[in-house]
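Single-letter residue listing:
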Amino acid sequence: MAEAVIEVDGIEKSYKTNRALAGVSLRVERATVLGLLGPNGAGKTTLVRILSTLLKPDAGRATVAGYDVVEDAEAIRSIIGLAGQYAAVDELLTGRENLELVGRLYHLSRIERRNRAEEVLERFSLTNAGDRPVKTYSGGMRRRLDLGASLVGRPEVLILDEPTTGLDPRTRIELWQYIEALVRDGTTLLLTTQYLEEADRLAHRIAVIDGGKVIAEGTGDELKTQLGGAVLEVVVADSRKLKEAARWLERLGEGRIRLDETRRLVTVGTEGGARVVVEAGQLLVEAGIEIDDIGVRRPSLDDVFLSLTGHAAGDGSETEENPKQGGTRHGRA
Ligand SMILES: Nc1ncnc2c1ncn2[C@@H]1O[C@H](COP(=O)(O)OP(=O)(O)OP(=O)(O)O)[C@@H](O)[C@H]1O
Ligand SMILES: [Mg+2]
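What counts and how
- Residues numbered from 1 in each chain as written.
- Chains lettered and ligands numbered in written order.
- Predicted model: local features only at pLDDT ≥ 70, side-chain atom pairs only at ≥ 80, totals over all residues.
- Heavy atoms only, no water.
- Domains from an automatic or database assignment.
- Buried area = accessible area lost by both parts, 1.4 Å probe.
- Polar contact = N/O pair within 3.5 Å; in protein donor to acceptor, adjacent residues only side chain to side chain.
- Helix = DSSP H or I, 4+ residues; strand = E, 2+ residues; numbered from the N terminus.
- Donors = N, O, S within 2.8 Å, 3.2 Å for Na, K, Ca; no water.
- Buried < 20%, exposed > 50% of the residue type's maximum accessible area, 1.4 Å probe, protein only.
- Near = heavy atom within 4 Å.
- Areas by Shrake-Rupley, 256 points an atom, 1.4 Å probe, with all protein chains shown as cover.
- Salt bridge = Lys/Arg side-chain N within 4 Å of Asp/Glu carboxyl O.
- Lys, Arg positive; Asp, Glu negative; His and termini not counted.
- Contact = heavy atoms within 4.5 Å.
- Pairing = 2+ DSSP bridges.
- Axes fitted to C-alpha atoms, helices over the stretch in contact; angles between N-to-C directions.

Caption draft 1: Structural context of the domain arrangement of the protein. Partitioning the protein into domains gives domain 1 (4-219) and domain 2 (227-309). Relative to domain 2, the C-alpha centre of domain 1 lies at a distance of 39 Å. Contact between domain 1 and domain 2 buries roughly 650 Å² in total, counting both sides, with carbon and sulfur atoms accounting for 86%. The largest share of the area that domain 1 buries against domain 2 comes from Leu196, Val208 and Ile215, three residues that together contribute 56% of it. The interface formed by domain 1 and domain 2 includes zero residue pairs in polar contact (both at pLDDT 80 or more). Mapped by element, the contributors of at least two residues to the side of domain 1 that touches domain 2 are α7 (196-202), β9 (205-210) and β10 (213-218).

Shown next, in the form of structure tokens:
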């Protein structure tokens with residue numbers, strides 16, 4: 001097995017009576033990205049804070065580059081780069097001053113601090129704003145500065161908590177490219193995200209976390225394959241017929257059915273192929289249910305997430321239940 005740079009074993013953490021982590025285990029191999037994917041309140045930030053030694057676990061063990069998060073907190077702080085969910089920059093200092101300050105924490109020489117600050121400002125398109133106090137920055141600029149600050153020390157292990165939340169699409173893509181380059185050069189990254197697209201693009205492995213537990217783990221493709229070959233989608237003309245349509249279509253799938261009232265959409269996990277489309281069409285026509293649209297597609301990570309947690313990534317709400325309470329797997333069940 002390749003070398004694990006981050007190893008988490010049975011970590012538990014409660015805030016008073018609120019159990020945020022209920023025994024989480026995972027590993028991140030050198031120069032790879034682990035995407036920790038989960039809805040609001042799943043426990044992502046709690047794990048990030050434990051790994052970056054800002055919070056002590058109640059039980060379990062975790063190491064970063066061989067250092068224990070409880071015993072060797074100092075050592076870990078000097079080798080990791082961290083960008084928290086909320087920007088931790090000083091409002092009164094300029095962008096450049098903030099970056100140079102971080103350089104000092106990493107014990108860089110004055111000239112190195114200046115060079116790295118300049119480099120980061122340029123990399124994150126902040127050169128023109130570099131000498132302005134951060135309090136004059138927009139939300140996206142702060143976010144970029146905060147991410148930049150995590151890179152000043154050229155850390156071998158990077159922990160980013162929802163790094164692209166609040167970034168515009170262009171900046172998000174630039175950041176992805178930058179992260180990919182860092183990982184190619186050997187950086188190990190743990191990244192939390194609510195964006196499936198982000199996990200799909202960046203992460204070598206994905207751990208889906210919900211209710212303080214890892215409920216699935218694998219590559220994006222493995223997770224999609226777990227869900228079955230394809231997804232049949234049918235849009236009915238009359239939303240009042242949605243549930244009836246679902247009852248018919250359930251025969252074609254393996255119990256994984258979802259209803260979306262607003263889009264008049266039924267989604268069924270199936271084997272795929274044209275035969276399924278034809279059969280579905282016939283079933284519904286015979287039942288007198290008018291179809292607006294019908295087709296099959298490959299499952300997305302979105303489907304995986306919904307199927308595992310019962311809610312869409314990031315929305316925190318439950319979706320329409322399976323009409324027959326069939327095989328839909330629920331993380332909390
Ligand atoms: N300081 C705290 N005091 C009490 N409860 C907390 C605290 N921080 C987090 N929690 C609770 O712990 C659970 C996990 O929270 P956490 O912030 O780790 O989730 P998250 O996955 O990062 O969510 P989000 O996507 O919203 O950032 C939640 O139920 C949350 O309410
Ligand atoms: Mg969080």
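Still more to cover.
Caption draft 2: Focus on the coordination of the magnesium ion (ligand 2). Within the protein, the atoms that donate to the magnesium ion (ligand 2) are Thr45 (OG1) and Gln85 (OE1), at distances of 1.9 to 2.2 Å. Here Gln85 lies in the loop between β6 (80-83) and α3 (95-105) and Thr45 lies in helix α1 (residues 44-51), a separation of 40 residues in the sequence. Residue classification places Thr45 among the partly exposed residues on the basis of a relative accessible area of 26%.

Caption draft 3: Fine view of unusual backbone geometry. Notably, Ala65 is not glycine yet its phi reads approximately 50°, a positive angle. Note that Ala65 resides in the loop between β4 (59-64) and β5 (67-68).

Caption draft 4: Layout of the site of ligand 1. Close to ligand 1 lie 14 residues; Gly41, Lys44, Thr45, Thr46 and Gln85 are nearest. Residue Gly43 places a main-chain N or O atom 3.0 Å away from an oxygen atom belonging to ligand 1. Contact between ligand 1 and Gln194: an oxygen atom at 3.0 Å from a side-chain N or O atom of the residue. Expressed as a share of its isolated accessible area of 630 Å², the protein-covered part of ligand 1 is 64%. Ranked by residue count, the leading element in the shell around ligand 1 is α1, at three residues.

Caption draft 5: Geometry of the pattern of salt bridges. Tallied over the full model, the rule gives 21 salt bridges. Close ionic contact of Glu180 with Arg201 constitutes a salt bridge, the shortest N to O distance being 2.9 Å. Of the two residues, Glu180 is situated in helix α6 (residues 169-184) and Arg201 in helix α7; the sequence distance between them amounts to 21 residues. A relative accessible area of 24% places Glu180 in the partly exposed class. On the basis of relative accessibility, which here comes to 36%, the residue Arg201 falls in the partly exposed class. What emerges from the salt-bridge pattern is a single network uniting Glu3, Arg30 and Glu156.

Caption draft 6: Local environment of the side chain of Arg143. Inspection of the secondary structure assignment puts Arg143 in helix α5 (residues 139-149). Buried and without a salt bridge, Arg143 has Asp146 as its closest oppositely charged side chain, separated by 4.1 Å. Engagement of the side chain of Arg143 in a polar contact is seen with the backbone oxygen of Glu162, the distance being 3.0 Å. Among all residues touching Arg143, those that are not within four sequence positions of it are Gly84, Gln85, Tyr86, Ala87, Asp161, Glu162, Pro163, Thr165 and Leu167.

Caption draft 7: Structural context of the sheet that holds strand β12 (residues 257-260). Taken together, the four strands give an open sheet; going across it, the order is β12-β13-β11-β14, and neighbouring strands pair in antiparallel fashion. Looking at which strands have only one partner, the edges of the open sheet turn out to be β12 and β14 (291-297). Across the sheet, the axes of successive neighbouring strands diverge by a mean angle of 15°, strand direction being ignored. Relative to β14, strand β11 (residues 230-236) runs antiparallel, the two sharing six bridges. Bridge pairing links Val231 to Arg297 in β14. Along the sheet, helix α10 (residues 274-286) makes contact with β11, β13 (265-270) and β14, crossing β14 at roughly 155°.

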